[in-house]
Amino acid sequence: MRVTADRILIVLLGAIGDVTRALPLLQRLRHGYPQARIAWAVEPAAAPLVSGHPALNEVLVFDRPRGTRAFLAFLRQVRAQRPDLTLDLQRHLKSGIISRASGAPVRLGFHRRNSREGNWLFNTHAMPPMSHFSSKLRQFFAFADWLGIEQTPVTFGLSLSDVEAQRVDKLLDDVRPPFVAAFVGSSCESRLWFADRTAAVANALATQGLSTVLVGGSGDIAFADAVAHAAQAPVTNLAGRTTLRDLIGIFQRATAAFGPDSGPMHIAAAVGTPVVSLWGATSAARSAPWGSETGVINGEAPCSPCYLKRCPIGRLCMEHIAVDAVLEKIVSHVHQTRRCH
């Protein structure tokens, strides 16, 4: 259905991995609506991914911790956009309320089978139902299909300014290239691998002439410190010292990256870095990093995927992911990258 729109609003507040995987839809929207004013409603954690994006005109940031009064003020800001078309990619109650508040005559969201909390009640149009265990990036891309926008290659449009690139260079001052980036954290404890095994991979990579750089947020510092302590080879520990924008540059400079299902995993894939991803509590069929599907390693367990935040049985699925399997995938990706260059 082709919709005439001079103003478009994307509603996708988070998480980081979801926002990253929606960037190709933004790129395609810009291709289909070259003159439109496109805005994105997002929460602070993922805002750096869209701020300054070349395909976007405005970012509307909702600071959730400030409470109800802030939310009402945010809804007024959304309403003032007066969009002709709103795309609700979040599929929850809150995004539905934001979509409805936009007042757009066409508000497109997910089918009720693919959404929660009555989200579909707030939108005027719904996508056809989709398989739950299917690529979320392709689910987002389906919005462009529904709008009749011609297909385009998958691109994310992530890049750094000169100042940002210089900051990344400074962070990596002491790193001997080539290096592999290990993203060690995740939003859910159940997805984590193990510090001693991550250290064992770093040790083995050192014998191949590859340095290891650890990246993670402030909540991952203890895990990264445990990795650095267990590793015999020197590793560069940047956990808690980087911004999302820094990660873009670090992954751009990395020969490969590895770690569990997380937002940084998707950023690494978005900038074209080969990714080895480790799965157990969640499904790679739904969330494998784009372009690195061959780098998926599944930890087998009868309860996998469970989607629990915390595992009551010691992350049995992740226990079944061996160091040698991870190392083999990384080295294979590194060799392929070198052949391409």
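This text gives an overview of the structure that appears in the document. (Residues numbered from 1 in each chain as written. Predicted model: local features only at pLDDT ≥ 70, side-chain atom pairs only at ≥ 80, totals over all residues. Heavy atoms only, no water.)

## A word on the overall build of the chain
The cut-off we apply is this: Helix and strand definitions here come from DSSP, where helices need a minimum of 4 consecutive H or I residues and strands a minimum of 2 consecutive E residues; each element is numbered from the N-terminal end. Based on C-alpha atoms, the radius of gyration is set beside the globule rule, defined as 2.2 Å times the residue count to the power 0.38. Only protein chains enter the area calculation, which uses a 1.4 Å probe; residues under 20% of their type maximum are buried, those over 50% are exposed, and those in between are partly exposed. In what follows, residue pairs with any heavy atoms lying within 4.5 Å of each other are defined as contacts. Residue burial considers only the protein chains on display, and all accessible areas are found by Shrake-Rupley using a 1.4 Å probe. Under this rule, positive means Lys or Arg and negative means Asp or Glu; His and the chain ends count for nothing. Taken as the charge centre is NZ of Lys, CZ of Arg, CG of Asp or CD of Glu, depending on the residue.
Broken down by element type, the chain carries 13 helices and 12 strands. In terms of C-alpha radius of gyration, the chain reaches 20 Å, essentially the compact-globule figure of 20 Å for 341 residues. C-alpha extents for the chain along the principal axes are approximately 60 × 50 × 40 Å. The buried share of the chain, taken over its 341 residues, is 57%. Considering only contacts in the chain between residues 6 or more positions apart, those separated by 24 or more positions represent 63%. Accessible surface, the chain: about 15,200 Å² in total, of which carbon and sulfur atoms supply 51%. Computed over 36 positive and 26 negative side-chain charges, the inter-centroid distance for the chain is 8 Å.

## Observations regarding unusual backbone geometry
A cis amide bond links Pro-177 to the next residue, Pro-178, at an omega of -5°. Locating Pro-178 in the fold gives a position in the loop between helix H6 (162–171) and strand S7 (179–183). Cis geometry marks the peptide bond from Ser-304 to Pro-305, where omega comes out at -5°. Summarising the element assignment, Pro-305 is placed in the loop between strand S12 (296–298) and helix H12 (316–319). For Arg-82, which is not a glycine, the phi torsion comes out positive at approximately 50°. One can find Arg-82 in the loop between helix H3 (68–80) and strand S4 (85–88).

## A short note on the state of the cysteines
Rule in force here: Counting rule for disulfides: a pair of cysteine sulfur atoms within 2.5 Å.
Counted under the stated rule, the structure contains zero disulfides. Cys-306 supplies the cysteine sulfur nearest to Cys-303, a cysteine that is in no disulfide, at a spacing of 5.9 Å. By relative accessible area, which is 40% here, Cys-303 ends up partly exposed.

## Quick word on empty space enclosed by the protein
Let me state the cut-off plainly: Points on a 1 Å grid over protein atoms alone make up a cavity when a 1.4 Å probe fits among them but cannot get out, and a pocket when they form an open set with protein on both sides within 12 Å along at least five of seven lines; lining residues each have an atom within 4 Å of a point. Grid points are joined across faces, edges and corners, and a volume is the space filled by probe spheres set on the points. Each residue gets one of three labels, nonpolar for Ala, Val, Leu, Ile, Met, Phe, Trp, Tyr, Cys and Pro, charged for Asp, Glu, Lys and Arg, and polar for the others, Gly among them.
Under the counting rule described, the total for this entry stands at two cavities of 30 Å³ or more. Approximately 60 Å³ is the volume attributed to the largest cavity. Around the largest cavity, the lining residues are Ala-182, Phe-183, Val-184, Trp-193, Thr-198, Phe-223, Phe-258, Gly-259, Pro-260 and Leu-278. Taken together, the elements giving at least two residues each to the lining of the largest cavity come down to S7 and strand S10 (256–260). Considering only residue class, the lining of the largest cavity consists of eight nonpolar, two polar and no charged.

## Topic: the packing of aromatic side chains
Applicable threshold: To pair, rings of Phe, Tyr and Trp, with the six-membered ring standing in for Trp, must have centres within 6.5 Å; the planes then decide the type, stacked if under 30 degrees apart, edge-to-face if over 60, and tilted in the middle. As a reminder, the over-ring test applies to NZ of lysine and CZ of arginine, requiring each to be within 6 Å of the ring centre and within 35 degrees of the ring normal.
Applying the stated criterion across every chain yields a total of six aromatic pairs. Relative to Phe-71, the ring of Phe-62 lies with its centre 5.1 Å away and its plane at 50°, an arrangement referred to as tilted. This pair shows no difference in class: Phe-62 is buried, exactly as Phe-71 is. For the ring pair Phe-110 and Phe-143, a centre distance of 5.0 Å and an interplane angle of 75° mean the geometry is edge-to-face. Here Phe-110 is found in the loop between strand S5 (106–109) and strand S6 (125–126), whereas its partner Phe-143 is found in helix H5 (residues 136–146), with 33 residues between them in sequence. You can call Phe-110 buried: its relative accessible area is 1%. An aromatic cluster is built from Phe-62, Phe-71 and Phe-74, whose rings are joined through pairwise contacts. Over the ring of Phe-141 we find Arg-28, and its NZ or CZ is 4.8 Å from the ring centre. Above the ring of Phe-110, the side-chain terminus of Arg-91 is found at 3.7 Å from the ring centroid.

## With respect to the packing of helix H9 (residues 244–253) against helix H10 (residues 263–270)
We apply this condition: As a rule, the C-alpha atoms of each element are fitted with a line to give its axis, helices using only the stretch in contact, and angles between N-to-C directions run from 0 to 180 degrees. By the definition adopted for this analysis, an angle is roughly parallel if under 35 degrees, roughly antiparallel if over 145, roughly perpendicular if from 65 to 115, and oblique otherwise. Handedness of a crossing follows from how the near helix is turned relative to the far one, being left-handed for an anticlockwise turn of less than a right angle and right-handed for a clockwise one.
Contact geometry of H9 with H10 gives a least axis separation of 9 Å together with a crossing angle of 45°. When the interaxial angle is binned, H9 and H10 end up oblique. Crossing of H9 against H10: the hand is right-handed. Of the residues in H10, those in contact with Leu-244, Leu-247, Ile-248 and Phe-251 of H9 are Pro-264, Ile-267 and Ala-268. Its residues placed into classes, the contact of H9 with H10 shows seven nonpolar, no polar and no charged.

## Quick notes on the layout of surface pockets
In this structure, the second largest pocket occupies an estimated 150 Å³ of space. The wall of the second largest pocket is formed by Asp-174, Val-175, Arg-176, Ala-206, Leu-210, Ser-211, Thr-212, Pro-234, Val-235 and Thr-236. The residue inventory of the lining of the second largest pocket, partitioned by class, reads five nonpolar, three polar and two charged.

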